[in-house]
Structures are given as structure tokens and as C-alpha cells.
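Letter by letter, the chains look like this.
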Amino acid sequence: MSDQTIKVAVSGACGRMGKEVVKMVLSSPELELVAAIDSKGGEDAGTLVGLDPCGVMIQNDLELALIESGAQVIVDFTTPHVVLKNTKMAIKHKVRPVVGTTGFTPQDIEELDELCKKEDIGGIIAPNFAIGAILMMKFAAQAAKYMPHLEIIEYHGDQKLDAPSGTSVKTAELISESRKEFRQGNPDEKETIDGSRGGQYNGFRIHSVRLPGVFAQQEVIFGGYGQSLKIRHDSYDREGYMPGVNLAIQKVMDLNGIVYGFEHFVE
Ligand code: NAP
């Protein structure tokens, strides 16, 4: 390995996204896999993803992995329950976090930003690393300026832990930057079944569909007099996130503090 390679640890390495990241890191000459962490330890990370053994064993002690591996960046695709604690641990050891796990509150992100700045390192938290999803968010934010009546519908598998999805929250935040805030719909509206109108965000609604067999999709529907507009993104495969994760690993080396959202790298 050349001195120019970035030393990467992958947390959640045995998960669906984690395995894809391990595969991507092992096949990227500019990156070096130095640690792989998951609650299930023991196997070689290379054989886990169907490649040759790479000499990096999956381990379940995050702090030990951070100390022993010399990792410069940690990529986290774990679960909303553990990601905050794990990211704080990485920052404490000056390992730059690139986090795809969703479920953060704005307060969590603020706290992690302060911790990163204190340690003089960068971090990236991105609810979606797919370029198409970023464009969908940007186009939706643009449309909201002219068509401010909108609803977001996101679709994910039935085992997803957080709702609404991180992508839909990020979309709502971007839309709110260009849409004048007002509450849509009939002020006398009454739900006869709780939750049937979805979650309220700055006066518009987010609906979360959870079904087996669904991967990750989102549409933003705009309504105007005599017309409607739909902006939709469909993810079919986890490989689609990997160019974004690879770029984030490289970008995070030059940052100070947390950048929240991959749209900041898509000009
Ligand atoms: P997954 O298949 O359930 O994988 C999560 C993995 O993390 C599992 O192997 C899990 O092990 C492991 N884990 C649990 N606790 C851990 C800990 N303390 N330390 C290390 N590993 C731990 O989930 P996924 O489908 O890969 O998704 C992971 C996250 O990424 C979700 O929040 C999802 O919404 C998000 N996501 C983000 C993007 C994006 O572009 N940003 C794209 C897709 C998904 P156990 O099974 O033993 O608990």
C-alpha cells in the first residue's frame, strides 16, 4: 500500500450496507481496509464479502479496533440505536466519521459537530449517498419555491427502524429553505384514524410506507391549480451508494467539523 492510501475502518461490516462498503474499500486502490467491526465477530472481512482473505478479521470491540488499527476514517452503517455512541467514540480517538446510518436528531448533529471541532477533525453525516437521491432533493427544493403545496411519500422495507427516513427529513429541510412556511390543507381537518395524514413538518406532510420487498424510494408530490408535479427517486441496489461513500471518505480528510448531507459535495 502506498503512503497516500486512506486507512478505513468499517462499522456494521456484516450488515447489508457494511458488506458493500467492505467490498468497495477492498477494491479501491486509494483506500486501505484496516478494521471491520460488527456485533458478530470472527470472520475475515474479505471472505465475508466473497473476495480473497484480506487479513482483517471482523471484531466486536470498537474502541480496541480504533486504537489498534490506526484508522483515519470510520464508515458507519450500523443502527440508529448505537450510531451516536459509536460516533462519539470514534471522534474521541480522532478517527473521522463518515456516517450513513440514519436516525440522528438536529441536536445530535450539533453535538457531534462541536466534538469534531474540539478534536480538530472533520466528519460527514449523510442520510443518502446516492447521486440520484441528492438530485431529487435539490429539484424538489427548487420546485417548492413555485409550487409550495407538497407532500413527501417515502417507501422502505418493513424492517426499517426509523420513520420517517433520514432522506425524507433531509428533503424536508432543504425544501423548507426555499418554501415560505405555511400550514397546508383545511385548518378544520380532523383525522378519524390517528396518523392517517402523516407527520407534520413546517406545514407539509411526510408519509412513511413500510412493506416487505421494497428497497428505497421517495416521491415528492406538488399540487397546483389544474396541475401536479411528481419528483421521484428509486434505489434498486446498495452498490449505487458506493461512489458517494468513496468520495465522502476522501473529502472528510480535509474537513473541520461535521458536514450534514451529501448535497454539499454535489454542485
Ligand atoms: P443492517 O443490515 O441491519 O446492518 C447493520 C449492521 O450493524 C448489522 O450487522 C448489525 O449487527 C451491526 N451492528 C449493530 N450494532 C452494532 C455495534 N454496536 N457496532 C457495530 N456493528 C453493529 O442495516 P443496513 O441495511 O445495512 O442499514 C444500516 C443503516 O444505514 C440504516 O440506518 C439505514 O437506514 C442506513 N442506510 C443509509 C444509506 C445512505 O445512503 N446513507 C443507504 C442505505 C441504508 P446485528 O444484526 O447483530 O445487530
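Conventions we followed
- Residues numbered from 1 in each chain as written.
- Predicted model: local features only at pLDDT ≥ 70, side-chain atom pairs only at ≥ 80, totals over all residues.
- Heavy atoms only, no water.
- Domains from an automatic or database assignment.
- Contact = heavy atoms within 4.5 Å.
- Buried area = accessible area lost by both parts, 1.4 Å probe.
- Salt bridge = Lys/Arg side-chain N within 4 Å of Asp/Glu carboxyl O.
- Helix = DSSP H or I, 4+ residues; strand = E, 2+ residues; numbered from the N terminus.
- Buried < 20%, exposed > 50% of the residue type's maximum accessible area, 1.4 Å probe, protein only.
- Polar contact = N/O pair within 3.5 Å; in protein donor to acceptor, adjacent residues only side chain to side chain.
- Pairing = 2+ DSSP bridges.
- Axes fitted to C-alpha atoms, helices over the stretch in contact; angles between N-to-C directions.
- Near = heavy atom within 4 Å.
- Areas by Shrake-Rupley, 256 points an atom, 1.4 Å probe, with all protein chains shown as cover.
- Nonpolar A, V, L, I, M, F, W, Y, C, P; charged D, E, K, R; others polar.
- UniProt positions renumbered as here; feature names shortened; annotations may be inferred.

What follows is about the domain arrangement of the chain. Accessible area lost when the parts come together is the quantity often used to give the size of an interface. On domain assignment, one finds that the chain holds domain 1 (6-125 + 238-265) and domain 2 (131-235). Just the C-alpha atoms count here: the centres of domain 1 and domain 2 sit 29 Å apart. Taken together, the 11 residues of domain 1 in the interface contact 12 residues of domain 2. Overall, the association of domain 1 and domain 2 removes approximately 1000 Å² of surface from exposure, summing both partners, and the carbon and sulfur fraction of that is 60%. When the buried surface of domain 1 facing domain 2 is broken down by residue, T102, Y260 and E263 rank first, second and third, together holding 51% of it. Across the pair K170 and E263 runs a salt bridge whose closest N-O atoms are separated by 2.9 Å.

So, about unusual backbone geometry. Looking along the chain, the bond that leaves A163 and enters P164 is cis, with omega of 0°. Positionally, P164 belongs in the loop between β7 (150-156) and α7 (166-178). A positive phi angle, near 60°, is found at K94, a position not held by glycine. Its relative accessible area of 44% is what places K94 among the partly exposed residues.

Buried within helix α8 (residues 242-252) we find M242, G244, V245, N246, A248, I249 and V252. Where the residues of α8 are buried, they touch β1 (6-11), α1 (16-26), β2 (31-37), β4 (73-76), β5 (96-99) and β6 (122-125).

Along the chain, N128 turns up in the loop between β6 and α6 (131-146). From its side chain, N128 meets the backbone nitrogen of A130 in a polar contact 3.0 Å long. Leave out the neighbours within four places in its chain, and N128 touches A133, I134, M137, T167, Y241 and F262.

The next subject is the sheet that holds strand β12 (residues 257-260). Here 7 strands make up an open sheet; going across it, the order is β3-β2-β1-β4-β5-β6-β12 and the pairing parallel. Single-partner strands in this sheet number two, and they are β3 (58-59) and β12. In the sheet, β1 pairs with β4 via 4 bridges, with the strands oriented parallel. Across the sheet, the residue bridging to V10 is V75, located in β4. Seen against the sheet, α1 touches β1, β2 and β4 and runs at an angle of roughly 150° to β2. Lying on the sheet, helix α3 (residues 62-69) is in contact with β2, β3 and β4; it crosses β2 at an angle near 150°.

If you check the shell around the ligand, you find 23 residues, and the closest are M17, D38, S39, K40 and A126. Separating an oxygen atom of the ligand from a side-chain N or O atom of D38 is a distance of 2.8 Å. In the complex, 76% of the free accessible area of the ligand, which totals 930 Å², lies under the protein chains. Partitioning the shell around the ligand into residue classes produces 8 nonpolar, 11 polar and 4 charged.

Our next topic: the pairing of strand β10 (residues 216-224). Working note: regular strand, side chains alternate between the two faces of the sheet. With 7 bridges connecting them, β7 and β10 associate as antiparallel partners. For H156, the partnering residue across the bridge sits in β10 and is A216. Two successive antiparallel strands, β10 and strand β11 (residues 227-235), enclose a turn made up of 2 residues, where G226 displays a positive phi of approximately 75°.

Here the focus is the pattern of salt bridges. Under the criterion given, the structure shown has 15 salt bridges. Between K88 and E111 there is a salt bridge, with its nearest N and O atoms 3.0 Å apart. Within this pair, whereas K88 is found in helix α4 (residues 83-92), its partner E111 is found in helix α5 (residues 106-119), the two being separated by 23 residues in sequence. Residue K88 is classed as partly exposed on the basis of its relative accessible area, which comes to 29%. Classification of E111 by relative accessible area gives partly exposed; the value is 32%. Across the salt bridge formed by K94 and E119, the nearest N and O atoms sit 3.2 Å from each other. With K94 in the loop between α4 and β5 and E119 in helix α5, this pair connects stretches of sequence that are 25 residues apart. Overlapping salt bridges bring together E151, E189, R197 and R205 as one network.

Glancing now at the UniProt feature "active site" (unreviewed entry) in the chain. Under the present numbering, the feature "active site" (unreviewed entry) in UniProt falls on H156 and K160. Along the chain, H156 turns up in strand β7. In this structure H156 touches S165, V209, R210, L211, V214, F215 and A216, once residues within four positions along its chain are discounted. For H156, the side chain forms a polar contact with the side chain of E154, separated by 2.8 Å. With respect to the helices and strands, K160 occurs in the loop between β7 and α7. In contact with K160, other than residues within four places in its own chain, are T102, S165 and R210.

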